[in-house]
Amino acid sequence: MTTAERTITEETAQFITDTNYTDLPDALRAEARRCILDGLAVMLAGTTEDCTRIIHQYIGDLGVSGPCRVPGISDSLPAEFAALASGVSGHAHDYDDTQVSSAPDRVYGLLTHPTIPALSAALAMGQEVDATGKELMTAFCIGMEVECKLNEAINPRHYQQGFHSTGTFGVFASAAASAKLLGLNLDTTRMALSIAASKSAGIRCNFGTMTKPYHSGAAAQNGIVAARLASMGYGADPSGLDGPWGYFSVAGGGVDEEYLRGKFGNPWALLNPGVSVKPYPCGSLLHPTMDAMRELVITHDVSPEDIAEVRLGTASNVLNALRYATPENALQAKFSIQFMLGVLALRRKAGIAEFHDDVVISDDVQAMMQRVKPYLDPDIEAQGFERIRSRVEVVLKDGSILMQEAFVSRGTPERPMTPKELAEKFTDCATGIISAEAITRTLEAVRNIESLRNVSELLDALD
């Protein structure tokens, strides 16, 4: 049977079942280690957030227990609940990586946060089945590839009409990784994907609330449930992604098959176009602008008292998503141009410490936000959305203007973080959550993840 004669569901399942560790290029495994380290970092950082605390309270009230530990948490849980907990904490700060688009009609920065649903499921299910480090790596890479390829193939209307892709396609990452770790065959993997299609969810109105990170956790949980049900003989339409009532048509109005046919692992999305590691714990659509703003105030030693206003010209994809002009808390501030640029003007940094309610509502931040003036730039809008473009101008009270254009930020494939910068981000996220000794152990364990006898050794390093 040729590729064209297979349904997309079958072709996806075939990739999952046929791909093994020996099929993973060295460069792919190196990038996967970077993603895993960054994923563990943000999972640890998110354990102190209210959304994570409530999820743990919810799980605790159920009275469930199991063999799976969660990074930064002492509980041992069934796989699906461990994935839920780590998926929520990993997206709690909006500090996890983002999928890069490969085509100009796909909106850069509005695809998925790919690592957390895939890693949450692979860690949890990997503990349950006593997987080796190589098996964890294989399942993670497969989950990431399925998630990114399926998401980019759906009509862009999917995101534009309000779906949150991390939730809606993260479930396929989890189902794929779980199916691989459970050793499901082709037909059963097709069932897992189809069950996952009925559990796909997440809407953008919940950006700026606790429910946005829940999308990531629920995706990780639901993918495990889908794969487990399929392994038990639970039935579904064997082509749940295809046809007029399949997922692509129902959720997006169609699919561009050229993004999928023969493209799984050819090239691997993690290598081309790659993923972006976030330098700031907030919406990625402003990261190039934030880097430009930071460079301007540091290079020119700009005092906050000298700033008359900050003007930002950008495109509608940025303005529409970052919708909180006067944020009232840290969750809203993660989607606020006014806060992100205002706090950089004041503090020259925008890390985890800055995204707190008391900072957002402080008098100096509130006053500076009033000076930030975003607007739609028609020239930038006309260039399309395959990049996040902007022009930031810092207007000083003496009448002079400092200007910088932006289209790439630190952490992107064009400007990747160095191993030292990644280790610094991990250390910043993990400090206060785990000991300094555990930080060192974890950095070493991730560097050598494929030599681990089992996934539990990675969790041991985190203790």
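## Structural notes on the nonpolar core
Here comes step 1: Judged by nonpolar contacts, the single largest core of 103 residues is most densely connected at L40, L123, V146, L150, F172, F426 and L458.
Here comes step 2: Looking at which element gives the most residues to this core, the answer is helix α2 (residues 26-45), with 11 residues.
Here comes step 3: Counting 42 residues, the second largest nonpolar core, distinct from the first, contains M290, A333, M340 and V372.

## What about the state of the cysteines?
Here comes step 1: Under the defined criterion, the tally for this structure stands at 0 disulfides.
Here comes step 2: C205 takes part in no disulfide bond, and the closest cysteine sulfur, belonging to C51, lies 16 Å away.

## Regarding the packing of helix α12 (residues 287-299) against helix α15 (residues 337-347)
Here comes step 1: Between α12 and α15, the least distance of the axes is 9 Å, while the angle of their chain directions is 20 degrees. Between α12 and α15, the angle falls in the class roughly parallel. Considering how the two elements wind past one another, α12 and α15 form a crossing that is right-handed. Residue-level contacts link T289, M290, M293, R294 and V297 of α12 to M340, L341, L344 and A345 of α15.

## Quick look at the environment of R447
Here comes step 1: Checked against the element boundaries, R447 lands in helix α20 (residues 436-447).
Here comes step 2: Taking the C-alpha atoms as reference, R447 lies 8.9 Å from A30; in sequence the two are 417 residues apart.

## Things to note about the layout of surface pockets
Here comes step 1: Taken as a whole, the largest pocket spans an internal volume of roughly 400 Å³.
Here comes step 2: Taken together, 17 residues form the lining of the largest pocket, with Y95, P279, R410, K425 and D428 sitting closest to its centre.
Here comes step 3: Here the lining of the largest pocket gets 4 residues from one element, more than from any other, and that element is helix α19 (residues 419-430).
Here comes step 4: Here the lining of the largest pocket is composed, by residue class, of 7 nonpolar, 1 polar and 9 charged.

## Observations regarding the environment of S65
Here comes step 1: Checked against the element boundaries, S65 lands in the loop between α3 (50-62) and β1 (68-70).
Here comes step 2: With 318 residues separating them in the primary sequence, S65 and Q383 have C-alpha atoms 53 Å apart.
Here comes step 3: Setting aside anything within four residues of it in sequence, one finds S65 in contact with S76, L77 and P78.

## What about the packing of aromatic side chains?
Here comes step 1: Following the criterion strictly, the structure yields 7 aromatic pairs and no others.
Here comes step 2: Within the aromatic cluster, the residues linked to one another by ring pairs are F15, F264 and W268.
Here comes step 3: When the ring centre of F207 is taken as origin, the NZ or CZ atom of K212, which lies over that ring, is 4.8 Å away.
Here comes step 4: For the cation-ring pair, K425 lies above Y95, with the distance from its terminal atom to the ring centre recorded as 4.0 Å.

## Details of helix α8 (residues 165-182)
Here comes step 1: Relative to the 26 Å expected for 18 residues at 1.5 Å per residue, α8 spans 25 Å between its end C-alpha atoms, a close match to the ideal helical length.
Here comes step 2: At the exit of α8 stands G183, carrying a positive phi of roughly 70 degrees.

## Some remarks on the environment of S249
Here comes step 1: Along the chain, the position of S249 falls in helix α11 (residues 247-252).
Here comes step 2: Every residue in contact with S249, bar those within four places of it in the chain, is listed here: G243, P244 and G254.
Here comes step 3: Engagement of the side chain of S249 in a polar contact is seen with the backbone oxygen of G243, the distance being 3.0 Å.

How each quantity is defined
- Residues numbered from 1 in each chain as written.
- Predicted model: local features only at pLDDT ≥ 70, side-chain atom pairs only at ≥ 80, totals over all residues.
- Heavy atoms only, no water.
- Core = buried A, V, L, I, M, F, W, Y, C linked by side-chain atoms within 4.5 Å.
- Buried < 20%, exposed > 50% of the residue type's maximum accessible area, 1.4 Å probe, protein only.
- Helix = DSSP H or I, 4+ residues; strand = E, 2+ residues; numbered from the N terminus.
- Disulfide = S-S within 2.5 Å.
- Axes fitted to C-alpha atoms, helices over the stretch in contact; angles between N-to-C directions.
- Parallel < 35°, antiparallel > 145°, perpendicular 65-115°, else oblique.
- Left-handed = near helix turned anticlockwise from the far one by under 90°.
- Contact = heavy atoms within 4.5 Å.
- 1 Å grid on protein atoms, 1.4 Å probe; cavity = no way out; pocket = protein on both sides within 12 Å on 5 of 7 lines; lining within 4 Å.
- Points joined across faces, edges and corners; volume = space filled by probe spheres on them.
- Nonpolar A, V, L, I, M, F, W, Y, C, P; charged D, E, K, R; others polar.
- Phe/Tyr/Trp six-rings, centres within 6.5 Å; stacked < 30°, edge-to-face > 60°.
- Lys NZ or Arg CZ within 6 Å of the ring centre and 35° of its normal.
- Expected span 1.5 Å × (residues − 1).
- Polar contact = N/O pair within 3.5 Å; in protein donor to acceptor, adjacent residues only side chain to side chain.

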